[in-house]
Amino acid sequence: MLLGCLVLSLFAFSFFQNKLESPCANSISCIKDLSGNYDAGKSVGTFLGQKVRIPKQIAQTDQNVLGDQTAANKHIYVDLTKQHLYAFDGNNLVYDFPVSTGKWHPTPTGDFTIWIKLRYTRMTGGEQSDGTFYDLPNVPFVMFFAGANADRGQGFSIHGAYWHNNFGHPMSHGCVNMRTEDAAKIFYWATPNGVGYDNQASSDDPGTPVTIYGVAPEG
């Protein structure tokens, strides 16, 4: 009985330790706010210790009709080696954009699925002690993905980035950064068609598959 309790205790400790050490692309905020709302009270964010101005709210456009067509054939590929994103509809290459993947934390590789899309969300993480801290309200066109190598709670996503313009080179804490105008195109093209907490991917509205492969360049 005592041995059984000891084994159970060790298992529980290992489980919770692994959960606590589980990496998160946005280690402070993760996915706490799934409203997708723009925070008009924020005008300045922080990235690597530098203040960055937050762009004004982007006008809402009704482009989700693009996501209604041949959803079953859509697939997003992210090549870490080339720092590029490719969007295919069947065998047809629809989009080809430069991206910035993980520099301070690796972007997970493998097969994933977009499980929710948010017009805006806040992302925070990094460390004050080593200068990697960031606090970025109103990150635009966010597509959270999850799979065997990254669960939903880890907060990995494809999204627009207004705080740098170094696309084609690693610049993130694990997410896939895109120019805002490029992220908007993927956002409206990809599924699920709905946006926000009440419109997460489902069997009736599945999310677009995402495959991430390769090795990001150093530096």
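Just so it is clear, the model here is predicted, and its values are computed rather than measured. (Residues numbered from 1 in each chain as written. Predicted model: local features only at pLDDT ≥ 70, side-chain atom pairs only at ≥ 80, totals over all residues. Heavy atoms only, no water.)

**Considering the environment of P106**
We apply this condition: Each helix is a run of H or I in the DSSP string that is no shorter than four residues. Each strand is a run of E no shorter than two, and both are numbered from the N terminus. Only protein chains enter the accessibility calculation, which uses a 1.4 Å probe; a residue whose area is less than 20% of its type maximum is buried, one above 50% is exposed, and one in between is partly exposed. Contact criterion: two residues are considered in contact whenever any of their non-hydrogen atoms come within 4.5 Å of each other.
Tracing the chain through its elements places P106 in the loop between β5 (92–98) and β6 (110–125). Using a relative accessible area of 59% as the deciding quantity, one classes P106 as exposed. Here P106 is in contact with F156 and G174, once residues within four sequence places are set aside.

**Focus on the packing of aromatic side chains**
Our working definition: Between the rings of Phe, Tyr and Trp (Trp by its six-membered ring), a pair exists once the centres lie within 6.5 Å; its type follows the angle of the planes, with under 30 degrees stacked, over 60 edge-to-face, and the other angles tilted.
Using the criterion set out here, one finds 12 aromatic pairs in the structure. Judged by centre distance (6.2 Å) and plane angle (45°), the rings of F47 and W163 are tilted. With F47 in strand β1 (residues 44–47) and W163 in the loop between β8 (157–160) and β9 (176–178), the pair connects residues that are 116 residues apart, well separated along the chain. Side by side, F47 and W163 carry an identical accessibility label, which is buried. With centroids separated by 5.9 Å and ring planes inclined at 65°, the aromatic side chains of F141 and Y188 adopt a geometry described as edge-to-face. In this pair, F141 sits in strand β7 (residues 134–147) while Y188 sits in helix α2 (residues 180–189), placing the two residues 47 residues apart along the sequence. Under the relative-accessibility criterion, F141 is labelled buried at 3%. What links up through ring pairs into an aromatic cluster is the set F47, W104, Y162 and W163.

**Concerning the environment of I76**
Secondary-structure assignment places I76 in strand β3 (residues 74–79). Residues I76 and V94, 18 residues apart in the sequence, show an inter-C-alpha distance of 9.9 Å. In contact with I76, other than residues within four places in its own chain, are L85, Y86, I114, I158, I186, W189, A190, T208, P209, V210 and T211.

**Considering the pairing of β1**
This is how the line gets drawn: Two strands pair under a simple rule: DSSP has to find at least two bridges between them.
Summarising the sheet, β1 and strand β2 (residues 50–53) pair through 4 bridges and their orientation is antiparallel. Residue pairing in the sheet places V44 in a bridge with R53 of β2. Counted between consecutive antiparallel strands, the loop separating β1 from β2 contains 2 residues, among which L48 sits at a positive phi close to 55°. Pairing of β1 with β7 involves 2 bridges; the strand directions are antiparallel. Residue pairing for β7: F47 is matched across the bridge by Y134.

**Description of the pattern of salt bridges**
Under the convention used in this document: Put simply, a salt bridge is a Lys or Arg side-chain nitrogen that is within 4 Å of an Asp or Glu carboxyl oxygen.
Tallying each qualifying case throughout the model produces 2 salt bridges. Put simply, D135 and R122 hold a salt bridge, and the shortest N to O gap is 2.8 Å. Here D135, found in strand β7, pairs with R122, found in strand β6; they are 13 residues apart in sequence, far enough to count as distant. Assessed through its relative accessible area of 19%, D135 is described here as buried.

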